[in-house]
Amino acid sequence: MDFKRLDAARSSVGPIELDLIESYAQGKVSRRNFVKRGTIIGLSMPVMGGIIAACGGSDDEPSGGGDTVGGETEGSTAEAETSETTPPAAAGGDIVAGIQTGDANSGLDPVNMLDLGTYAVLSQSFEYLVGLGDDGNIAATALATEWSPNDDASEWTFKLREGVTWQEGGAPLTAADAVATVERMVEVGAGLAGVVSAGGAVAADDQTLVITLDSPNGNLPVLLSLFNPQSLVTPVDYASGTTLNDRPTGTGAWMLDDFDPSAFRVKFVPNPNWWGGAVKLDSVTLQGFESGGTKVAAFAAGEIDIIQDFSISDGATLLEDDAVKVLTPPSANHRQIWFNTQLPEGGPFTDVRVRQAVCYAINREQLVNTVYEGQAQIGNDHPVFPSLPFFDDSQEQRPFDPEMAKQLLSDAGYADGIEIPLQVGDLGEIPAIAAIVQQNLAAVGITTPVSVTPNSDFYGEYWCTGASYGTQPETSGPGIPCGASAQIGIVDYGHRPTPDIFFGRALATDGDWNSSNYNSTAFDGLFGDYQSATDVDGQKDAVGKIQRLLHEDAPACYPFFFNYLSATSSSIDGFQTTALGHLQMQNVTKS
């Protein structure tokens, strides 16, 4: 331990940064989690490198995600080796990427979009304050070059990149644009509900955004990054509800050239004035696919160059194909089996014992092995990924226990069984999950005929029916944000590096993705404790209590977390993706 060097670092930072440094020096957090957390709170790479060296750390330890799949090791970036059989990549060329078809209700709306397909489309033209690093985690690679909290993380300051202009008209990006973006997010929720209030963001000058929070929050940069997709920065006069095809603009590397909503086919051409310099392709086309199997077939036939995501059930052969580069970015992806805990009044799932019965009846190991062929790990009915530094591994795993499920149903007055449709979208492997869940539940007396809806309609019809884009907005109200959502259904959740979105949007009272209509003052209080905790021990204490509360209340079952799989052909270099479906095309070449 180089104490002189460590003391120099200690003396140059505030209390939040100091707590993290002490936690790392004492062995409470790993090097990888030190780098992740340090990036979030604004420590620079040189400072973190100095601390790691002072503590005797090895630069050989990996700091990012990535797994070995098939014959190749890939993280979030695809880099091809030049060989005699693969000619060097040259500038120019056109590529086509196969993506999920976007939601029909929200359209290309940067604040209200809901799905991976639309995330990929809008992030070609618009950019985030906080971008993506080579390790698959957040980094100062987008519109903010640095950020820092005050001593208690109740105020954050972001410095904006200079020389950034809007595609429409060429006006410079200023802090006023960022302020207006935050205001629009606050208006609709978008991950900032309970974090920032109207008027909380101000422009200190043209290049400086200052955000004063409702209470301290140690993870704000994540909420303004690509891991909160609805935080794309839009112009100061960009009206809520405006779509990219209504007003083509942005600060990103690509400009919208054509959009065919009937086929969900979107073409982009280079932005000649992009702050990052000239891109290397002539055009990028994103083609929507309703079916994962059709998307994989198009990729196998060479009709598309990049496949946004694929499931094991559709694309297992890709894992063994030496001509395919498989990417596995860091992933806390999961499928949530939600219960409407309030509606209809007196319905079976308003009783916690029935919800617990379902969670006991699900054979998690069967799902992991059958649907994902081992490319997943068992979950414990909360959305906290086990690799996070504040994950509480002392919580007992809920077992597969059909007899306990039957007893709970009997205690709740349903000894003769229940029959309720299980609502799912036709996204990827979700229908296959539903089929196994249906079998598991039938074994304990719960009949759940599976109802499959096109995913482009599923969110508004069944997931959050009471939302403004839903089919029954009149059914929502205070404490029941999704109104008459299905009594039970399965929905997709993409990766986030911290669980703030999973907690705040999907579980907090009045959260705009709270299809469970879960209304718990206990949860809300613990979520607030977690958000305001700026130290590792404080976050771990709050998260441990949240894990146990969700396990007991069971507003939803979280049976597993699964690996996110994306792929490119061997001719593609420089492609980077996230487990939220972002397609980073600015450095892509095609040989």
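Residues numbered from 1 in each chain as written. Predicted model: local features only at pLDDT ≥ 70, side-chain atom pairs only at ≥ 80, totals over all residues. Heavy atoms only, no water.

1. A word on the overall build of the protein
Thinking step 1. A tally of regular secondary structure across the protein gives 17 helices and 29 strands.
Thinking step 2. Here the protein has a C-alpha radius of gyration of 23 Å; the compact-globule value for 591 residues is 25 Å, and the two agree.
Thinking step 3. Residues classed as buried in the protein amount to 59% of the 591 residues present.
Thinking step 4. Pairs at least 24 residues apart make up 70% of the contacts formed inside the protein by residues separated by at least 6 positions.
Thinking step 5. For the protein, the computed accessible surface area is about 21,100 Å², with 48% contributed by carbon and sulfur atoms.
Thinking step 6. In the protein, the 29 positive side-chain charges and the 77 negative ones have mean positions that sit 5 Å from each other. (Helix = DSSP H or I, 4+ residues; strand = E, 2+ residues; numbered from the N terminus. Rg over C-alpha atoms; globule rule 2.2 N^0.38 Å. Buried < 20%, exposed > 50% of the residue type's maximum accessible area, 1.4 Å probe, protein only. Contact = heavy atoms within 4.5 Å. Areas by Shrake-Rupley, 256 points an atom, 1.4 Å probe, with all protein chains shown as cover. Lys, Arg positive; Asp, Glu negative; His and termini not counted. Charge placed at Lys NZ, Arg CZ, Asp CG, Glu CD.)

2. A closer look at the nonpolar core
Thinking step 1. In terms of nonpolar packing, the biggest core is built from 165 residues, with Trp463 and Met585 touching the most fellow members.
Thinking step 2. For Trp463, the contacting residues outside a window of four places in its chain are Leu114, Trp338, Phe458, Tyr469, Cys482, Ser485, Val491, Tyr493, Trp513 and Ser515.
Thinking step 3. Membership of the second largest hydrophobic core comes to 15 residues, among which are Val96, Ala298, Val326 and Leu565. (Core = buried A, V, L, I, M, F, W, Y, C linked by side-chain atoms within 4.5 Å.)

3. Topic: the environment of Ala180
Thinking step 1. Position of Ala180 among the secondary structure elements: in helix α6 (residues 175-188).
Thinking step 2. A C-alpha to C-alpha distance of 7.4 Å links Ala180 and Pro235, two positions 55 residues apart in sequence.
Thinking step 3. Ignoring sequence-local partners within four residues, the contact set of Ala180 consists of Pro235 and Val236.

4. A word on the sheet that holds strand β8 (residues 155-160)
Thinking step 1. Strand order in the open sheet formed by four strands is β7-β8-β10-β9, and the pairing between neighbours is antiparallel. The open sheet is flanked by β7 (144-149) and β9 (201-205), the only strands paired with a single partner. Going from strand to strand, the sheet's axes swing by 20° on average, the running direction of each strand aside.
Thinking step 2. Pairing geometry for β8 and strand β10 (residues 208-212), over five bridges, is antiparallel. From the neighbouring strand, Trp156 faces β10, where its bridge partner is Ile211.
Thinking step 3. Across the face of the sheet, α6 comes into contact with β8, β9 and β10 while running at roughly 175° to β9. (Pairing = 2+ DSSP bridges. Axes fitted to C-alpha atoms, helices over the stretch in contact; angles between N-to-C directions.)

5. What to know about the side chain of Thr174
Thinking step 1. Relative to the elements of secondary structure, Thr174 occurs in the loop between β8 and α6.
Thinking step 2. Other than its neighbours up to four places away in sequence, Thr174 contacts Leu160 and Asp206.

6. Re helix α5 (residues 116-125)
Thinking step 1. The buried count for α5 comes to ten of ten residues, which makes it a mostly enclosed element.
Thinking step 2. For α5, every residue scored as buried is listed here: Leu116, Gly117, Thr118, Tyr119, Ala120, Val121, Leu122, Ser123, Gln124 and Ser125.
Thinking step 3. On the buried face of α5, the contacting elements are β4 (94-100), β11 (254-260), β12 (265-270), β13 (283-289) and β28 (583-584).
Thinking step 4. Between the side-chain oxygen at the start of α5 and the backbone nitrogen of Gly117 there is a gap of 3.1 Å, and the oxygen is on Asp115. (Polar contact = N/O pair within 3.5 Å; in protein donor to acceptor, adjacent residues only side chain to side chain.)

7. Comments concerning the packing of aromatic side chains
Thinking step 1. One pass over the structure, following the stated rule, counts 23 aromatic pairs.
Thinking step 2. Relative to Phe458, the ring of Trp338 has its centre 6.1 Å away and its plane inclined at 55°; by these criteria the two rings are tilted. Here Trp338 is found in strand β16 (residues 334-339), whereas its partner Phe458 is found in helix α14 (residues 455-463), with 120 residues between them in sequence. As far as the burial class goes, Trp338 and Phe458 line up, both buried.
Thinking step 3. Here Tyr493 and Phe502 contribute two aromatic rings whose centre-to-centre distance is 6.1 Å and whose plane-to-plane angle is 90°, an arrangement assigned as edge-to-face. Assigned by exposure class, Tyr493 and Phe502 land together as buried.
Thinking step 4. Lying across the ring of Trp275, Arg161 places its NZ or CZ 4.2 Å from the centre.
Thinking step 5. Directly above the aromatic system of Tyr360 lies the positively charged group of Arg398, at a separation of 4.8 Å from the ring centroid. (Phe/Tyr/Trp six-rings, centres within 6.5 Å; stacked < 30°, edge-to-face > 60°. Lys NZ or Arg CZ within 6 Å of the ring centre and 35° of its normal.)

8. A closer look at the sheet that holds strand β15 (residues 324-327)
Thinking step 1. Strand order in the open sheet made by the seven strands is β11-β12-β13-β4-β14-β25-β15, with mixed pairing throughout. Of all the strands in the sheet, just β11 and β15 have a single pairing partner and so form its edges.
Thinking step 2. As paired elements, β15 and strand β25 (residues 566-569) share four bridges and run antiparallel to each other. Bridge pairing in β25 links Val326 to Ala567.
Thinking step 3. Packed onto the sheet, α5 meets β4, β11, β12 and β13 and runs at close to 140° relative to β4.

9. A look at the pattern of salt bridges
Thinking step 1. In total, this model carries 16 salt bridges according to the counting rule given.
Thinking step 2. Ionic pairing is found between Asp7 and Arg10, a salt bridge with its closest N-O pair at 2.6 Å. You can see Asp7 and its partner Arg10 sitting in helix α1 (residues 3-11), three residues apart, about one turn around the helix.
Thinking step 3. When its relative accessible area of 39% is taken as the criterion, Asp7 is described as partly exposed.
Thinking step 4. Look at Arg10 and you get partly exposed, because its relative accessible area is 23%.
Thinking step 5. For Asp381, the salt bridge goes to Arg398, with nearest N and O atoms at 2.4 Å. (Salt bridge = Lys/Arg side-chain N within 4 Å of Asp/Glu carboxyl O.)

10. Looking at the state of the cysteines
Thinking step 1. One pass over the full model with this rule turns up two disulfides.
Thinking step 2. There is a disulfide in this structure between Cys359 and Cys557, and the S-S distance comes to 2.1 Å. Every disulfide takes its handedness from the sign of the S-S torsion; for Cys359 and Cys557 that torsion is -100°, giving left-handed. Here the residue Cys359 occupies a position in helix α10 (residues 352-361), and Cys557 occupies one in strand β23 (residues 556-557), the gap between them amounting to 198 residues. (Disulfide = S-S within 2.5 Å.)

11. Some remarks on the packing of α1 against helix α2 (residues 15-25)
Thinking step 1. The contact between α1 and α2 brings their axes to 9 Å, and the two run at 155°. Classified by the angle their axes make, α1 and α2 are roughly antiparallel. Where α1 crosses over α2, the handedness of that crossing is right-handed. Every residue of α2 that contacts α1 at Leu6, Ala9 and Arg10 is listed here: Leu18, Ile21, Glu22 and Ala25.
Thinking step 2. Class assignment of the residues belonging to the contact of α1 with α2 gives a composition of five nonpolar, no polar and two charged. (Parallel < 35°, antiparallel > 145°, perpendicular 65-115°, else oblique. Left-handed = near helix turned anticlockwise from the far one by under 90°. Nonpolar A, V, L, I, M, F, W, Y, C, P; charged D, E, K, R; others polar.)

12. Thoughts on the pairing of strand β22 (residues 488-493)
Thinking step 1. Counting buried positions along β22 yields six of six residues, so the element is predominantly enclosed.
Thinking step 2. Inspection of the sheet shows β16 paired to β22 by six bridges, in the antiparallel sense. By the bridge assignment for β22, Phe339 is matched with Ile488.

13. Points about the confidence of the model for the protein
Thinking step 1. With 94% of its residues at a pLDDT of 70 or more, the protein shows a mean pLDDT of 92.
Thinking step 2. Confidence over residues 59-74 falls short of pLDDT 50; this stretch has 34 contacts with residues more than four positions distant or in other chains.
Thinking step 3. The model gives residues 78-89 a pLDDT under 50, and that stretch makes 24 contacts with residues more than four places away or in other chains. (pLDDT = per-residue confidence, 0-100.)

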